2 protein chains.
Amino acid sequence: MSRSARSGTREEILDAASWLFAATGFKGTSLQDIAGAVGCSKAALLYHFDGKDAILAELLAPAVEAFETLDARLAALGDEAVRRAAVEGFVDLVMRFRREVTVLYGDLPDLLQRPAFAGVQEMTDRLLAALTGRSAEPAARAAALLVLGGVPVACMEPCGIGDDELRSALVRSAARALDPTGA
Amino acid sequence: MSRSARSGTREEILDAASWLFAATGFKGTSLQDIAGAVGCSKAALLYHFDGKDAILAELLAPAVEAFETLDARLAALGDEAVRRAAVEGFVDLVMRFRREVTVLYGDLPDLLQRPAFAGVQEMTDRLLAALTGRSAEPAARAAALLVLGGVPVACMEPCGIGDDELRSALVRSAARALDPTGA
DNA sequence: GTCTATACAATGATAGAC
DNA sequence: GTCTATCATTGTATAGAC
């Protein structure tokens, strides 16, 4: 049945897409999935938006805008104050836009659930426990997650630094992040 | 591996797929892209492999195996030694299998290059500089990358901890990781 | 055993009817 | 303005040539 044309369809699309992107990833969500959740046709989506990318862009616009605000704020600070402000501002930004960040990182859990990775999730959980020294404290777990997510990113980026130097820098920095007796 | 060493097509496929997956992501690489790089047909790929997932599985198998080795080694350690071993073992693992890790995280750079994120890359570079206190030291940059990659991961994982507690734990841990005067 | 040829359902996207 | 009809491309599957 052709459903009556409504003007609230745009918001419905954004809402459904936000949920689906976070749950199954951007590439893992088809226009038909979104259309099915909204209750309209695939082509109807493409009337309201210029494509799948446009839906993503509109969903992430507030997060990008907040990032721009932080960027401008940091630019006005001196070298000694900028680091503390950057740490707190970045943490705040990510926590405030958790849903959007989940969309950005959403394709990784998708990959990890493939048969090729049977057991990897469990090993990762044990690695997390090891990184905390098998502590059950939430703060220790948070630090371990920071290391777990940060080391691969640091290794992927080409940073004009030798492998040995990068390795020792990461080991030292990660050890400090995990140190419960630290500052 | 291959009993009839008449053709090295299998290895050529793995080599091309490894390069393409790292460059454009898993979902962003089509079988036709791989076939084109190898110089064979799409169907020829599917003779050698049971599908796109099977190519990925074989590419990542050595990394998964090394992870299993680390997992077993950590299981034999006591609580006080396990953390240091986990840190070093994890860093070593990720650095040794950089290419494979890049494949796993490969869909994120793909997303970041969309028009929706014009300027985000530059802001991220400035955020990195801020996290180092605008220092040019490679070790400081490595620590900043660790924080940049780790905070989102820590925020995405449900860890049964209040938002305020998680925030302060992350701010403290990230500050320690970035502290150049630390241990 | 290795591969070409062909067909298939589902995807993102477009043109044009109403 | 909204949606039907259609398109090229994707991953996958089968048949059969050498």
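Residues numbered from 1 in each chain as written. Chains lettered and ligands numbered in written order. Predicted model: local features only at pLDDT ≥ 70, side-chain atom pairs only at ≥ 80, totals over all residues. Heavy atoms only, no water.

**Re the packing of helix H4 (residues 52–75) of chain B against helix H5 (residues 79–96) of chain B**
Residues and elements named next belong to chain B.
Part 1 of the argument: Running from amino to carboxyl end, H4 crosses H5 at an angle of 170°, the nearest separation of the two axes being 10 Å. The angle between the axes of H4 and H5 places the two elements in the roughly antiparallel class. On the side of H4, the interface is formed by Ala-63, Ala-66, Phe-67, Leu-70 and Leu-74, while H5 contributes Val-82, Ala-85, Ala-86, Gly-89, Phe-90, Leu-93 and Arg-96.
Part 2 of the argument: Grouping the amino acids of the contact of H4 with H5 by side-chain chemistry returns 10 nonpolar, 1 polar and 1 charged. (Axes fitted to C-alpha atoms, helices over the stretch in contact; angles between N-to-C directions. Helix = DSSP H or I, 4+ residues; strand = E, 2+ residues; numbered from the N terminus. Parallel < 35°, antiparallel > 145°, perpendicular 65-115°, else oblique. Contact = heavy atoms within 4.5 Å. Nonpolar A, V, L, I, M, F, W, Y, C, P; charged D, E, K, R; others polar.)

**Re the interface of chain B and chain A**
Part 1 of the argument: Counting residues at the interface gives 88 residues for chain B and 89 residues for chain A.
Part 2 of the argument: For the pair chain B and chain A, the summed buried surface comes to about 8,700 Å²; carbon and sulfur atoms form 71% of the total.
Part 3 of the argument: Inspection of the chain B/chain A interface yields 14 salt bridges.
Part 4 of the argument: Across the salt bridge formed by Arg98(B) and Asp163(A), the nearest N and O atoms sit 2.8 Å from each other.
Part 5 of the argument: In this structure, the connection of chain B to chain A is made through 29 residue pairs in polar contact (both at pLDDT 80 or more).
Part 6 of the argument: Of all the elements in the fold, those that place two or more residues in the side of chain B that touches chain A are H4, H5, helix H6 (98–104), helix H7 (107–112), helix H8 (120–131), helix H9 (138–156) and helix H10 (163–178) of chain B. (Buried area = accessible area lost by both parts, 1.4 Å probe. Salt bridge = Lys/Arg side-chain N within 4 Å of Asp/Glu carboxyl O. Polar contact = N/O pair within 3.5 Å; in protein donor to acceptor, adjacent residues only side chain to side chain.)

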